[in-house]
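Close look at the chain arrangement
Now for the letters of each chain:
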Amino acid sequence: MYALSSAQMRALEDRCAEAGIRGFTLMENAGRAAALAINGTIPVKGKKCVVFCGSGNNGGDGFIVAAELKKLGAEVQVILCFDLPKGRTAREAYEKAYAAEVPMVDLAISPYGCELAMSGVDIVVDAIFGTGFHGELPARAKAACKMINSAIAAVFALDLPSGVETDSFRSDADCVRADFTVVFDSLKPSHIMPLTAKLCGNICIVDIGIPSEFKENLTYRYALVNEALASSFLPVRALDSNKHDHGYLLLIAGSRDYIGAAVMASEGAKRSGVGYVCVASVDEVCRMVASKSPECVFLRLDENENGRMDLLSFGRLQKAMERATAICIGPGLGIDDDTRALFASVLENAKCPVIIDADGINILSENINVLDSVTVPVVLTPHIGEMARLLAVDSQSILNDRYELVGNFAKRYGVTVVCKGYRTFTAPAAMGAYMNTTGNAGLAKAGSGDLLSGIIGALLAQGLAPEKAASAGVYYHGKAADLCQAELGQMYMQPMDVAHYLSKAYPKL
Ligand SMILES: NC(=O)C1=CN([C@@H]2O[C@H](COP(=O)(O)OP(=O)(O)OC[C@H]3O[C@@H](n4cnc5c(N)ncnc54)[C@H](O)[C@@H]3O)[C@@H](O)[C@H]2O)[C@@H](O)CC1
Ligand SMILES: [K+]
């Protein structure tokens, strides 16, 4: 499922106009569909409903909703938050509500009348601002939003809660907090972005009569990754295939202090369809992985005095690198001069896609410009703290603006970035972004990231494009965690348990 930006929605409206579909027809369709959605949620007959209308087209939708709710037997009043609409389409909608004798009270002229309208209200409809909103709410809209948020009533927002921007994470502090949002035609980015998604409540998408073929050639910016999309990205396993057809993942991971990271990454990888998992690490790590995953093959590297891989043994990696169809580097690697040099050398010599995780990201953040000379596809999997280090900003800035910051970073360096956290977000090097829908707080434990990097590495090794490997990997990792949570609970579950549930998460081929 994809989300459309405000500009794309405007372009669709223009396309409809060119095809002879009037703006008012779309508005009527939107208003009617919204009234039906409201009535389907809470039967409105005999209920007291108040519709807050702005002066733009979202307000226009509100006037139609008011007239329709009245037809359905509700006791409806409109609160005019601004002047009467100036645009022709919304004006026509206002006239329709006026002709239907919906009582209207003006917030500026009669605040007391508005309070009276709100007393004992059952259903509030927010039609102050929709996709046209940006910046901060003007004072009168703030007053209206406060009335809406303090009402003991079900709040239905039309298209978006007023005060929430369409294309960014941003919202005014006094924006409407809706119980339900009736979305017109398509999700917008803010419906799926974590901070603003919370303000929308339950979402109901309604058809407003925009022909679906108008959307076929759109360059989508945001994709909501669901089962249909994620499964469409997965590799196909031919009936007559053999292990060589399913890729060779070289996993460069682990050190004396971080033995488990390689165990979890290899577990994620071997459970995700790849033909070979080759673990390159120090002896103790190889032994531990072998005891848990006898399926893996190993490349034992010398250990330096810190218990990390010794650069001198790098020559032995070269052969495995030649054979690899993807390399995963970073989990449990540790940071010292040897691992720094090893990391640089892998990036320089890789001939296949590389996924960089954990300490790999930390090493990278010491000199991010090395990415400029990398010619193979790269996937980075930072959590918020690592992303902050990569961008040299604080974590709060990432939380506030992760879509723009991460998206720009991905484009600037030509890499795919998986920014991990609630609703993990994948920004490809090219256009677009993938918002994940699975996962839960049971994943907020050491080792979950290692498991994920193994999964994504395995998918990359099977030839998936970086953004597909990343977004499908994130989706199935989260889905496995959701299935695991349902049986084991968030407190108890561990990353290795999650790996076990990949069995139920992946589609049965
Ligand atoms: N795009 C479409 O195809 C359709 C859109 N419709 C409705 O139209 C809405 C968009 O309508 P509009 O573009 O008229 O915009 P809105 O109704 O969301 O906002 C009205 C106007 O407020 C102004 N504004 C924005 N930020 C402001 C701020 N911080 N302070 C003060 N004023 C501010 C803008 O000039 C904007 O045009 C959609 O959300 C939807 O509800 C529907 O009628 C059906 C069809
Ligand atoms: K609204």
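Cut-offs used in this document
Residues numbered from 1 in each chain as written. Chains lettered and ligands numbered in written order. Predicted model: local features only at pLDDT ≥ 70, side-chain atom pairs only at ≥ 80, totals over all residues. Heavy atoms only, no water. UniProt positions renumbered as here; feature names shortened; annotations may be inferred. Helix = DSSP H or I, 4+ residues; strand = E, 2+ residues; numbered from the N terminus. Expected span 1.5 Å × (residues − 1). Buried < 20%, exposed > 50% of the residue type's maximum accessible area, 1.4 Å probe, protein only. Domains from an automatic or database assignment. Contact = heavy atoms within 4.5 Å. Buried area = accessible area lost by both parts, 1.4 Å probe. Salt bridge = Lys/Arg side-chain N within 4 Å of Asp/Glu carboxyl O. Near = heavy atom within 4 Å. Polar contact = N/O pair within 3.5 Å; in protein donor to acceptor, adjacent residues only side chain to side chain. Areas by Shrake-Rupley, 256 points an atom, 1.4 Å probe, with all protein chains shown as cover. Right-handed = clockwise from strand over helix to strand, strands pointing away. Donors = N, O, S within 2.8 Å, 3.2 Å for Na, K, Ca; no water. Core = buried A, V, L, I, M, F, W, Y, C linked by side-chain atoms within 4.5 Å. Pairing = 2+ DSSP bridges. Axes fitted to C-alpha atoms, helices over the stretch in contact; angles between N-to-C directions. 1 Å grid on protein atoms, 1.4 Å probe; cavity = no way out; pocket = protein on both sides within 12 Å on 5 of 7 lines; lining within 4 Å. Points joined across faces, edges and corners; volume = space filled by probe spheres on them. Nonpolar A, V, L, I, M, F, W, Y, C, P; charged D, E, K, R; others polar.

Where an unreviewed UniProt entry is consulted, the chain appears under the name Bifunctional NAD(P)H-hydrate repair enzyme, with the organism given as Hydrogenoanaerobacterium saccharovorans. In UniProt, the chain has this text filed under Subunit (unreviewed entry): "Homotetramer."

Once that is clear, we can look at helix α17 (residues 448-461). Count 3.6 residues to each turn of an α-helix, and residues three or four apart come out pointing the same way. The first and last C-alpha atoms of α17 sit 20 Å apart over 14 residues, in line with the 20 Å expected at 1.5 Å per residue. In terms of burial, α17 is largely enclosed, as 14 of its 14 residues are buried.

Domain annotation of the chain identifies domain 1 (2-218) and domain 2 (227-505). Each side of the interface is counted separately: domain 1 has 10 residues, and domain 2 has 10 residues. Together, the buried faces of domain 1 and domain 2 total about 780 Å²; carbon and sulfur atoms form 65% of this surface. On the domain 1 side of the interface with domain 2, the three residues burying the most area are Phe169, Ile192 and Pro194, jointly 56% of the side's total. The tally of links between domain 1 and domain 2 comes to 0 salt bridges.

Around ligand 1 there are 19 residues in total, and Asp61, Gly130, His134, Glu136 and Asp159 lie nearest to it. In this structure, asparagine 57 approaches ligand 1 through a main-chain N or O atom, which is 2.9 Å from an oxygen atom. The backbone of glycine 132 places a nitrogen or oxygen atom 2.9 Å from an oxygen atom of ligand 1. Calculation on ligand 1 without its partners gives an accessible area of 850 Å², and the protein chains cover 77% of this total.

For the rest of this paragraph, the subject is the pairing of strand β6 (residues 154-158). Within β6, 5 of the 5 residues are buried, leaving the element largely enclosed by the surrounding structure. Of the two faces of β6, the one holding Ala154, Phe156 and Leu158 and the one holding Val155 and Ala157 are both buried throughout. In terms of handedness, the path from strand β5 (residues 123-127) via helix α6 (residues 139-150) over to β6 forms a crossover that is right-handed.

Turning our eyes to something else, we now look at the coordination of the potassium ion (ligand 2). Protein-derived coordination of the potassium ion (ligand 2) comes from Asn58 (OD1), Asp126 (O), Phe129 (O), Leu158 (O) and Leu160 (O), at a distance range of 2.5 to 3.0 Å. Between the donor residues of the potassium ion (ligand 2), the gaps in sequence give the motif N-x67-D-x2-F-x28-L-x1-L. Here asparagine 58 is found in helix α3 (residues 57-71), whereas its partner phenylalanine 129 is found in the loop between β5 and α6, with 71 residues between them in sequence. Judged by relative accessible area, which is 8%, asparagine 58 ranks as buried.

Glancing now at the nonpolar core. A general tendency of soluble globular proteins is for nonpolar side chains to be buried together. Counting 111 residues, the largest nonpolar core has Leu250, Ile252, Leu317, Ile327, Ile356 and Leu380 as its most contacted members. Ranked by the residues each element gives to this core, the list is headed by helix α18 (residues 466-488), at 9 residues. Among the domains, domain 1 (2-218) and domain 2 (227-505) are the pair contributing at least three residues each to this core. Residues within four places of isoleucine 252 in sequence aside, it is in contact with Ala280, Met309, Leu317, Ile327, Cys328, Ile329, Gly330, Pro331, Leu333, Leu342 and Val346.

Where strands meet in a sheet, backbone hydrogen bonds hold them as pairs that are either parallel or antiparallel. In spatial order, the strands read β4-β3-β2-β5-β6-β7-β8; together these 7 strands make up an open sheet with parallel pairing. Because the sheet does not close on itself, it has two edges, and the strands there are β4 (104-106) and β8 (202-206). This sheet shows a mean twist of 20° between the axes of neighbouring strands, independent of strand direction. Sheet topology places strand β3 (residues 75-80) next to β4; 3 bridges connect them, and they run parallel. Within the sheet, the bridge partner assigned to isoleucine 79 lies in β4 and is valine 105. Against the sheet, helix α2 (residues 23-41) makes contact with β5, β6, β7 (180-184) and β8, and its axis sits at roughly 150° relative to β7, the strand it touches most.

Here alanine 392, not a glycine, exhibits a phi torsion of approximately 55°, which is positive. If you trace the backbone, alanine 392 turns up in the loop between α15 (384-391) and α16 (395-413).

Let's shift gears to the pattern of salt bridges. Following the criterion strictly, the structure yields 27 salt bridges and no others. A salt bridge links glutamate 366 to arginine 340; the shortest N-O distance between them is 2.7 Å. With a gap of 26 residues between them, glutamate 366 in helix α14 (residues 359-366) and arginine 340 in helix α13 (residues 337-349) connect regions that are remote in the sequence. Linking glutamate 487 and lysine 504 is a salt bridge whose minimum nitrogen-to-oxygen distance equals 3.3 Å. In this pair, glutamate 487 is assigned in helix α18 and lysine 504 in helix α19 (residues 495-505), connecting sequence segments 17 residues apart. Overall, the relative accessible area of 53% leaves glutamate 487 in the exposed class. The exposure class assigned to lysine 504 is partly exposed, which follows from its relative accessible area of 46%.

Now for the environment of alanine 290. Tracing the sequence through the fold places alanine 290 in helix α11 (residues 283-292). Taking relative accessible area as the criterion, alanine 290 reaches 29% and is therefore assigned partly exposed. Distance from alanine 290 to isoleucine 21, taken between C-alpha atoms, is 65 Å for residues 269 residues apart in sequence.

So, on to the layout of surface pockets. Of the voids in this model, the largest pocket is the one considered here, and its volume is about 730 Å³. Residue lining of the largest pocket: 31 residues in total, with Lys420, Leu443, Lys445, Ser448 and Gly449 positioned closest to the centre. Within the residue set of the lining of the largest pocket, elements represented by two or more residues are α14, α17 and α18. When residues of the lining of the largest pocket are assigned to their parent elements, the largest contribution, 4 residues, is made by α17. In this structure, the second largest pocket is lined by 26 residues; those nearest its centre are Glu13, Asn57, Asn58, Thr131 and Asp159. Elements with a minimum of two residues in the lining of the second largest pocket: α1 (6-18), α2 and α3. Residue composition of the lining of the second largest pocket, by class: 11 nonpolar, 11 polar and 4 charged.

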